[in-house]
Each structure stands twice: as C-alpha cells, then as structure tokens.
Amino acid sequence: MAIATILFENDKSISMPDTAMPLTRWHQDQGLLALHPGQIDIWVAFVAEVSDADLAVQFDRVLIEDERQQHAKFRFEKDRRRYLVTRSLVRYVLSRYAPVQPADWRFASSDFGRPFIVDPHSAVQDLTFNISHSDQVVMLGMTRGRQLGIDVEDLRRNVPLDIAESCFSAIEIEQLRSLPPAVQQQRFLDFWTLKESYIKARGKGLSLPLEKFGFELSAERQVHAYFDASLNDSPRNWTFWQWRPSEANIAALCVENTPGIARQISVRRTLPFLWEEGMAFDVLRVSPT
C-alpha cells in the first residue's frame with residue numbers, strides 16, 4: 001500500500017504510511033471530526049475504486065471474526081468485495097467521530113434487524129448511523145440525537161415493475177402508470193429509495209406496510225410525503241432529500257426533525273483508511289419543512 005493522503009474540507013491533510021503503521025497510531029494522528037446537533041454527515045465509497053491489495057489489508061487489520069465468517073459465506077466475489085468495503089466503511093467512519101479503534105466497535109441488532117452500537121463511551125451514546133449499499137456504491141449517514149435512514153440504488157438495475165402493485169401506495173401506482181414506459185424504471189427507483197429511507201429511519205423494517213405511506217413527486221425539485229392514519233406519524237416529523245451520488249445511482253435520505261435545531265448536511269467521498277474528500281450534495285428533491 002502506497003502512502004496516501006487524507007483530504008479534509010478545510011484543505012488540511014494528513015499522510016498515512018503503509019501497513020507498517022498500526023491503526024492505533026494512525027487513528028491518534030488524524031484526530032476526530034466534530035458532529036454538532038443538527039449536523040448530518042454522509043459518506044460515500046465506490047466499490048470499484050478499492051483495490052484488491054487495500055481490501056486484503058483491511059480484512060486483516062479491521063474485520064472481527066464474526067465478520068470474517070460472514071464474508072466467507074458469500075458465493076460470489078463481487079458480494080464479498082462489497083461486504084468488505086461496507087464493513088470497512090462503517091468502522092472507519094465511526095472512528096472519525098469517537099476515540100474507539102476501528103477494530104474495537106461492537107454492534108447488536110434490534111428485533112427488526114437494525115444494527116446499533118454497543119459501547120458505553122460518552123462520545124458514542126447519542127451517535128446514530130445508517131448504511132445502504134448497491135452493487136456499485138456503499139453509503140453511510142451519521143448524526144447525533146435523532147433518527148435517520150438512507151438508501152442508494154443503481155439506476156441500471158432492471159426493476160420488475162409489477163411488484164409496485166404490492167409495495168406502493170395507490171397514489172404512487174397512479175403516478176407510475178401515468179408516465180411513459182421509458183421513464184417508469186427511474187420513477188420506480190425514485191419511490192423505492194424514499195420508501196426505504198423512511199422505513200430504515202423508523203427502525204421497523206418491513207413491519208411497516210409499504211402501501212400505507214407514499215410520496216408525491218409531480219412538483220419540480222420537491223417531494224411530499226403522506227402517511228395513513230394507522231401509522232401514527234406525520235410528514236412534519238421528517239425531512240426527505242433525494243440526490244445522485246453519481247450519474248449511475250440514486251439516493252434518498254430521511255432525517256427526523258428536531259424543533260429549533262437547523263440541519264446542515266455535508267458529504268464526503270472516501271476510500272476507507274486511505275483518503276477522504278468533500279463531495280457536492282446536489283439535491284434533486286427535498287420535502288418542505
């Protein structure tokens with residue numbers, strides 16, 4: 001592994017030597033990022049950009065035994081690669097905000113399968129994160145003291161449109177059918193990423209009936225959410241954003257609103273443990289607040 005440079009949005013940089021430097025020393029040298037109330041940080045890693053050599057180093061130095069066993073269960077190399085990038089990204093990013101070594105993070109899952117951090121350190125207790133991946137991209141959202149959900153999909157994915165009948169609301173189905181066939185795949189993924197971001201933010205997974213909430217996308221650059229009364233929720237409780245991390249991907253973010261606290265979103269592109277740099281957050285749609 002060659003010497004790499006970690007780039008920050010304030011143009012400061014830190015050099016990280018090759019595998020001779022322990023992760024403990026590297027972690028101490030780079031310092032921690034602040035995450036203030038209302039701040040939302042999004043991290044993006046493109047799977048194809050991580051070399052096999054770098055992945056091998058991260059496998060040896062970062063993954064714990066349970067993750068190594070899970071890694072071995074994947075049949076296809078592309079799935080093993082994506083899993084390793086995902087786990088490396090989680091451990092790398094969390095250690096940018098709290099004085100915990102990357103290999104020392106431990107996680108548990110809720111009854112609905114949502115992972116959460118198991119650590120008594122005071123800097124960790126109010127951290128909230130959510131992760132999503134497609135074949136091409138791994139994405140992680142971070143904030144403090146509020147819930148968030150994130151989802152990313154590959155636009156070249158071939159979607160069976162008939163499943164909309166079982167997982168979209170009546171209004172979404174009507175919007176989808178009203179479009180020319182050539183753009184229905186795109187609109188399906190617009191709806192899907194928004195719905196996924198919401199159920200992930202709620203932390204209840206598919207126990208939330210997908211047809212009981214939906215989104216109106218007819219207004220330019222706007223998204224309007226609506227919820228059935230049975231969900232005991234309101235659009236006022238959440239803000240939704242949609243953007244493209246690349247021309248080949250669509251992503252959505254759902255963040256819980258906190259009265260009196262303004263939101264600030266920043267995006268970083270990274271190769272975990274190698275470099276990071278600021279990335280534009282070019283919003284396609286946002287919900288009214």
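Just so it is clear, the model here is predicted, and its values are computed rather than measured.

Q: Please explain the packing of helix 2 (residues 52-61) against helix 4 (residues 77-94) as it appears in this structure.
A: Interhelical geometry of helix 2 versus helix 4 gives an angle of 55° and a closest axis separation of 10 Å. Considered as vectors, helix 2 and helix 4 are oriented oblique to each other. Crossing angle aside, the handedness with which helix 2 passes helix 4 is left-handed. Listed contacts from helix 4 to D52, L55, Q58 and F59 of helix 2 are R81, L84, V85 and S88. Of the residues in the contact of helix 2 with helix 4, the class split is 4 nonpolar, 2 polar and 2 charged.

Q: Please explain the sheet that holds strand 8 (residues 148-154) as it appears in this structure.
A: In space, the 4 strands of this open sheet follow the order 8-12-11-15, with antiparallel pairing throughout. Of all the strands in the sheet, just strand 8 and strand 15 (283-286) have a single pairing partner and so form its edges. For this sheet, the mean inter-axis angle between neighbouring strands, taken without regard to orientation, is 15°. As paired elements, strand 11 (residues 238-243) and strand 15 share 3 bridges and run antiparallel to each other. Bridging from a neighbouring strand, Q242 pairs with R285 of strand 15. Together, strand 8, strand 11, strand 12 (249-256) and strand 15 form the strand contacts of helix 7 (residues 181-202), whose direction differs from that of strand 8 by roughly 150°.

Q: How should I be thinking about the environment of I64 in this particular structure?
A: Mapped onto the secondary structure, I64 falls in the loop between helix 2 and helix 3 (65-73). Spatially, the C-alpha atom of I64 lies 6.7 Å from that of A103, the residues being 39 residues apart in sequence. Here I64 is in contact with R91, A103 and R106, once residues within four sequence places are set aside.

Conventions and cut-offs
Residues numbered from 1 in each chain as written. Predicted model: local features only at pLDDT ≥ 70, side-chain atom pairs only at ≥ 80, totals over all residues. Heavy atoms only, no water. Axes fitted to C-alpha atoms, helices over the stretch in contact; angles between N-to-C directions. Helix = DSSP H or I, 4+ residues; strand = E, 2+ residues; numbered from the N terminus. Parallel < 35°, antiparallel > 145°, perpendicular 65-115°, else oblique. Left-handed = near helix turned anticlockwise from the far one by under 90°. Contact = heavy atoms within 4.5 Å. Nonpolar A, V, L, I, M, F, W, Y, C, P; charged D, E, K, R; others polar. Pairing = 2+ DSSP bridges.

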